[in-house]
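Residues per chain, in single letters:
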Amino acid sequence: MIFVGDGALLHRAVAHAAAQGHRVDLVCSADPQDATDGARHLHLPAPADINTHADALARACTDGIVWSLNNRRIFRAPLLSRGLRILNIHNGLLPRHRGLPSVAVLFALLNGEDEYGATLHEVDAGIDTGRVLAVRRFPIAPDARHFQVMLRGVRACQTLFEETLPAVAAGKLLPPPPAPAGPPAYHGTRTLARLAAHRGHPAYARATDLGPFAAYAPELTAAIGTQGPAG
């Protein structure tokens, strides 16, 4: 199997897969240290186009499975036509929290949503639109802050990967997932244009408290900075 992404979530998933005896054919990330146990590494400086490496990935993958974790690269042609099964672990409940997790958490708090989580889904030509295979949900506390929900989301992603890895690797069907989590919504950088309208929202301070995640969400950090602190 092949892994594509960046950061601690990717590194832990690669290490877990190797420890469970699964063959890691290739790790595609910005950090060569993400590879483990002798696995080859394909250096992908962000925002490198993963699709230009379609032939190399198809040749390297011995089981036809590609995992995407903490990955902002978009899978498109020709990679989608190489017969690979590409699976993404998304920080958020699909289809309600499509797009950037940092932005999805922001509006989940502003909208007063009471749950968040992680989703395993197949990758298709859209963005977070592929068939949902499994979810892991958790409640949002009434006083939750942005960074706290993000952290629980990351943990849910890791747990969901570990729970579903055996079935995916064995080609087994996963149990039917719960019903979709609310109406579809896409949370991208353009969504941040609506942030100014929420300046007086009672949850604004909590929703914009990025904590340690500020360094990993530059678009959101910049948008919050232009609004100034909540009154």
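As the structure is a prediction and not an experimental result, all values here were calculated from the model.

About the criteria used
- Residues numbered from 1 in each chain as written.
- Predicted model: local features only at pLDDT ≥ 70, side-chain atom pairs only at ≥ 80, totals over all residues.
- Heavy atoms only, no water.
- Helix = DSSP H or I, 4+ residues; strand = E, 2+ residues; numbered from the N terminus.
- Rg over C-alpha atoms; globule rule 2.2 N^0.38 Å.
- Buried < 20%, exposed > 50% of the residue type's maximum accessible area, 1.4 Å probe, protein only.
- Contact = heavy atoms within 4.5 Å.
- Areas by Shrake-Rupley, 256 points an atom, 1.4 Å probe, with all protein chains shown as cover.
- Salt bridge = Lys/Arg side-chain N within 4 Å of Asp/Glu carboxyl O.
- Axes fitted to C-alpha atoms, helices over the stretch in contact; angles between N-to-C directions.
- Parallel < 35°, antiparallel > 145°, perpendicular 65-115°, else oblique.
- Left-handed = near helix turned anticlockwise from the far one by under 90°.
- Nonpolar A, V, L, I, M, F, W, Y, C, P; charged D, E, K, R; others polar.
- Pairing = 2+ DSSP bridges.
- Phe/Tyr/Trp six-rings, centres within 6.5 Å; stacked < 30°, edge-to-face > 60°.
- Lys NZ or Arg CZ within 6 Å of the ring centre and 35° of its normal.
- Expected span 1.5 Å × (residues − 1).

**Student:** Could you give an account of the overall build of the protein, with specific residues and numbers?
**Tutor:** Each helix and strand in the protein was counted, giving 6 helices and 9 strands. Against the globule reference of 17 Å for 231 residues, the protein gives a C-alpha radius of gyration of 18 Å, in line with a compact fold. With the C-alpha coordinates of the protein rotated into their principal frame, the extents come out at 55 × 35 × 30 Å. Burial status across the protein gives 48% buried among its 231 residues. Residue pairs in contact within the protein that sit at least 24 positions apart in sequence constitute 67% of those at least 6 positions apart. Carbon and sulfur atoms make up 55% of the accessible area of the protein, which totals about 10,900 Å².

**Student:** How would you explain the side chain of His121 if you had to name every residue and give the values?
**Tutor:** Mapped onto the secondary structure, His121 falls in strand S7 (residues 115-122). Judged by relative accessible area, His121 falls into the buried class, the value being 2%. Setting aside anything within four residues of it in sequence, one finds His121 in contact with Ile86, Leu87, Asn88, His90, Leu94, Asp128, Gly130, Arg131, Val132 and Leu133.

**Student:** Explain the pattern of salt bridges to me, using residue names and the numbers behind them.
**Tutor:** Under the criterion given, the structure shown has 10 salt bridges. We note a salt bridge from Arg23 to Asp25, for which the minimum N-O separation is 2.9 Å. For Asp25, a relative accessible area of 6% gives the class buried. Between Glu219 and Arg72 there is a salt bridge, and its shortest N-O distance comes to 2.6 Å. Residue Glu219 is found in helix H6 (residues 218-227), and its partner Arg72 is found in the loop between strand S4 (65-69) and strand S5 (85-91); the two are separated by 147 residues along the sequence. A relative accessible area of 28% places Glu219 in the partly exposed class. Beyond isolated ion pairs, a larger network of salt bridges with shared partners links Arg85, Glu122 and Arg131.

**Student:** Quick one: what's the story with the packing of helix H3 (residues 101-110) against helix H4 (residues 146-170), residue by residue and with numbers?
**Tutor:** Where H3 contacts H4, the axes come no closer than 10 Å and their chain directions differ by 125°. When the axes of H3 and H4 are compared, the pair comes out oblique. The way H3 lies across H4 gives a crossing that is right-handed. Touching Pro101, Ser102, Val105, Leu106 and Leu109 of H3 are His146, Val149 and Met150, all from H4. Residues that form the contact of H3 with H4 fall into these classes: 6 nonpolar, 2 polar and no charged.

**Student:** Requested: an account of the sheet that holds strand S2 (residues 26-29), with residues and values cited.
**Tutor:** In sheet architecture, strand pairing relies on hydrogen bonds along the backbone and comes in two forms, parallel and antiparallel. The sheet built from 7 strands is open, its strands ordered S3-S2-S1-S4-S5-S7-S8 with mixed pairing. A strand with exactly one partner marks an edge of an open sheet, and here the two such strands are strand S3 (40-43) and strand S8 (132-139). In this sheet, neighbouring strand axes are inclined to one another by 15° on average, regardless of whether the strands run parallel or antiparallel. One ladder, built from 7 bridges, connects S7 with S8; its direction is antiparallel. Bridge pairing links His121 to Val132 in S8. Here helix H1 (residues 7-19) sits on the sheet in contact with strand S1 (2-5), S2 and S4, set at roughly 170° to S1.

**Student:** Requested: an account of the packing of aromatic side chains, with residues and values cited.
**Tutor:** The tally for this structure, following the rule as stated, stands at 3 aromatic pairs. Each member of the aromatic cluster is reached from another via a ring pair, and the members are Phe3, Trp67 and Phe161. Sitting over the ring of Phe107, Arg194 keeps its end group 4.9 Å from the ring centre. Between Arg199 and the ring centre of Tyr204, over which it is positioned, the NZ or CZ distance is 5.5 Å.

**Student:** I'd like a description of H1, backed by residues and values.
**Tutor:** Helix length check: H1, at 13 residues, gives a terminal C-alpha distance of 18 Å against a target of 18 Å (1.5 Å per residue), a fit within 8%. Along H1, the positions that sit buried rather than exposed are Leu9, Leu10, Ala13, Val14, His16, Ala17 and Ala18. Looking at the buried residues of H1, the elements they touch are S1, S2, S4 and H4.

**Student:** Describe in detail the pairing of S5, supporting the description with residues and values.
**Tutor:** With 6 of 7 residues buried, S5 is to be regarded as a mostly interior element. Bridge count between S4 and S5: 5 bridges; the pairing is parallel. Bridge pairing links Leu69 to Ile89 in S5. Here S5 runs beside S7; their pairing, made up of 5 bridges, is antiparallel. Bridging across to S7, Asn91 finds its partner in Ala118.

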